[in-house]
Each structure stands twice: as structure tokens, then as C-alpha cells.
Amino acid sequence: MRIEIGEASLASFDGTGLDKATLGARTAEFGKALSSAVAAAGYPAEADPAKTNLPALIALLSLLNVFVALASAPLAAWMIELFPTRIRTTALSVPYAVGGWFGGFLPAIAFSAFTATGNIYAGLWYALTVLAVAFLVAALCLHETRGRALDAIA
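Position labels on residues start from 1 in each chain and follow its written sequence. Selection of residues for local features in this predicted model requires a pLDDT of at least 70, selection of side-chain atom pairs for listing and counting requires 80 or more, and totals for whole chains, interfaces and linings are taken over all residues. Calculated side-chain values reflect all of the structure's heavy atoms, with hydrogen atoms and water omitted.

S.K.: Could you give an account of the overall build of the protein, naming the residues involved and the relevant values?
M.R.: Regarding its fold elements, the protein presents five helices and two strands. Helix and strand assignments follow DSSP, with helices taken as H or I runs no shorter than four residues and strands as E runs no shorter than two, numbered in order from the N terminus. For the protein, the α and β elements follow one another from N to C terminus as β-β-α-α-α-α-α. Computation of the radius of gyration draws on C-alpha atoms alone. For the globule rule, the value is 2.2 Å times the number of residues to the power 0.38. In summary, the protein has a C-alpha radius of gyration of 25 Å against a globular reference of 15 Å for 154 residues, an excess of more than 25%. Per-residue burial over the protein gives 7% buried out of 154 residues. Calculation of accessible area relied on Shrake-Rupley with a 1.4 Å probe; when residues are assessed, cover is drawn exclusively from the protein chains displayed. Carbon and sulfur atoms provide 70% of the accessible area of the protein, an area that totals close to 12,200 Å². Of note, the protein has its 9 positive side-chain charges centred 8 Å away from the centre of its 10 negative side-chain charges. The buried label goes to any residue with under 20% of its type's maximum accessible area, the exposed label to any with over 50%, and the partly exposed label to all in between, with areas taken from a 1.4 Å probe on protein chains only. Positive residues here are Lys and Arg, negative ones are Asp and Glu, while His and the chain termini are left out of the count. The atom standing in for a charge is NZ when the residue is Lys, CZ when it is Arg, CG when it is Asp and CD when it is Glu.

Quick look at the structure:
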């Protein structure tokens, strides 16, 4: 496998079967070559804090938080209305917990998919698959609650 940075092309190595000392030496050698290729391509060694527009960064992150709030608050209210009053707490906490697992593993699974395939968009398939399955489950299993008694069994 080769790593291309600007005009440079570095060959990676297979460390399987190498003893600890040889692996350490090869890793250090590869690290130096990689650092010099990155520097030769014009990338800085570390970020320059003076070039960071802190007010704009804070404003953009705040805007993302507003979008999350705009989506989460109605979702919680909608989910509460889907279930009878005696099971509402469980009905709301279970989907949030399950969603936390799917969302929490998203970075690791997306990175693994990218690493395995070399395609930077491969990680999107996990998110799209989870979204499609959630849509199908919702479309097939969630029923309209308008007109039902709130204490009735769903």
C-alpha cells in the first residue's frame, strides 16, 4: 500500500512477524519519512492559533446546537405521545439509549469502513443503513395515536 502526500509517494510496510526492535526501528523510519513528506507538501507541523477565528467558530458551534435543539425537542414530544401514559418513561428512554449506541459507534464504524475500503464516503453507508432501518421500523410499527385514550394499551 502506498501513501501519497503532494508529490511524494511513500510505501508502507507490513509489520507482521517482525520482532519488537525491528518493528520499532521501521516505524520510526517510516514516521520520519512521513513527517518530511508532510513538511515538503507545505503542511504546517501544528495548527496556528492566531489563524483561528474564535468568534466565528463559537457562533457556528452554537448554531449546530440550535439545530440539534430544534430537532430533539419536537422528537421527544412526539415520542411521548406515541405511548400510553403508564409506559411513557420507558418508551422514551429505551429509544434514546439504543440510539446512543448506534450513534456512539458511528465514528469508529465509519473510520473502519474508510480504512477497509479506502473510500472516504464508505462510512456513510452505516449511517444511511441505520436511518433506512429506523424509517422502515417507524413506518411499519408506529401507529397514529390521535383519538385514542391516553391510558389505553397501544
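S.K.: Explain the packing of aromatic side chains to me, using residue names and the numbers behind them.
M.R.: Aromatic rings from Phe, Tyr and Trp, with only the six-membered ring used for Trp, were paired whenever their centres fell within 6.5 Å, and each pair was classed as stacked if the ring planes differed by under 30 degrees, edge-to-face if by over 60, and tilted otherwise. One pass over the full model with this rule turns up three aromatic pairs. Considering the side-chain rings of Phe13 and Phe30, the 6.2 Å spacing of their centres and the 75° angle between planes classify their relative orientation as edge-to-face. Taken as a pair, Phe13 in the loop between strand S2 (8-11) and helix H1 (20-40) and Phe30 in helix H1 lie far apart in primary sequence, 17 residues in all. Classification of Phe13 by relative accessible area gives partly exposed; the value is 24%. Consider the rings of Trp101 and Phe105, whose centres lie 5.6 Å apart with planes at 25°: the pair is stacked. Taking the relative accessible area as the measure of exposure, Trp101 reaches 59% and is therefore exposed. The class of Phe105 is partly exposed, set by a relative accessible area of 42%.

S.K.: Which residues make up the packing of helix H2 (residues 54-81) against helix H3 (residues 88-104), and what values go with them?
M.R.: With their axes 9 Å apart at the nearest point, H2 and H3 run at an angle of 135° to one another. In terms of orientation, H2 lies oblique with respect to H3. Once H2 is placed against H3, the crossing between them reads as right-handed. Contacts from Ser72, Leu75, Ala76, Met79, Ile80 and Glu81 in H2 reach Arg88, Ala91, Leu92, Pro95 and Tyr96 in H3. Of the residues belonging to the contact of H2 with H3, the class tally is eight nonpolar, one polar and two charged. The axes are straight lines fitted to the C-alpha atoms, using for helices just the contacting stretch, and the angles between their N-to-C directions are given from 0 to 180°. In this scheme, roughly parallel covers angles under 35 degrees and roughly antiparallel covers those over 145, while 65 to 115 is roughly perpendicular and the rest are oblique. Left-handed describes a crossing whose near helix is turned anticlockwise from the far helix through less than a right angle; right-handed describes the clockwise counterpart. Contacts are assigned to residue pairs that have any heavy atoms within 4.5 Å of one another. Charged residues are taken to be Asp, Glu, Lys and Arg, nonpolar residues to be Ala, Val, Leu, Ile, Met, Phe, Trp, Tyr, Cys and Pro, and polar residues to be all remaining types, Gly included.

S.K.: Summarise the pairing of strand S1 (residues 2-5); cite the residues concerned and give the values.
M.R.: Put simply, side chains in a regular strand alternate between the two faces of the sheet. At least two DSSP bridges between two strands are required for those strands to pair. Judged from the four bridges that link them, S1 and S2 form a sheet pairing that is antiparallel. From the neighbouring strand, Ile3 faces S2, where its bridge partner is Leu10.

S.K.: How would you sum up a nonpolar patch on the surface? Please name residues and give values.
M.R.: Two distance rules govern patches: like charges are joined within 9 Å, and nonpolar side chains (Val, Leu, Ile, Met, Phe, Trp, Tyr) within 5 Å, applied only to residues with over 30% relative accessible area and no salt bridge. Salt bridge criterion: a side-chain nitrogen from Lys or Arg within 4 Å of a carboxyl oxygen from Asp or Glu. A contiguous nonpolar surface patch, about 960 Å² in accessible area, is contributed by Leu54, Leu57, Ile58, Leu60, Leu61, Leu63, Leu64, Val66, Phe67 and Leu70. Here Val66 lies in helix H2.

S.K.: Quick one: what's the story with the layout of surface pockets, residue by residue and with numbers?
M.R.: In this approach the atoms are scanned with a rolling probe the size of a water molecule, which exposes any empty space left behind. Throughout, the protein atoms alone are placed on a 1 Å grid, and a set of points is a cavity if a 1.4 Å probe fits but cannot get out or a pocket if it is open with protein on both sides within 12 Å along at least five of seven lines; lining residues have an atom within 4 Å of a point. Grid points are joined across faces, edges and corners, and a volume is the space filled by probe spheres set on the points. One number sums up the size of the largest pocket: a volume of about 870 Å³. Lining of the largest pocket is provided by 25 residues; of these, Met79, Pro95, Val98, Gly99 and Ala134 occupy positions nearest its centre. For the lining of the largest pocket, the secondary-structure elements that each account for two or more residues are H2, H3 and helix H5 (124-141). Here the lining of the largest pocket takes ten residues from H5, the largest share from any one element. Among the residues forming the lining of the largest pocket, the class breakdown is 22 nonpolar, three polar and no charged.

S.K.: So, the environment of Ala21: which residues are in play, and what are the values?
M.R.: Of note, Ala21 is situated in helix H1. For the pair Ala21 and Pro44, spaced 23 residues apart in sequence, the C-alpha to C-alpha distance is 30 Å.

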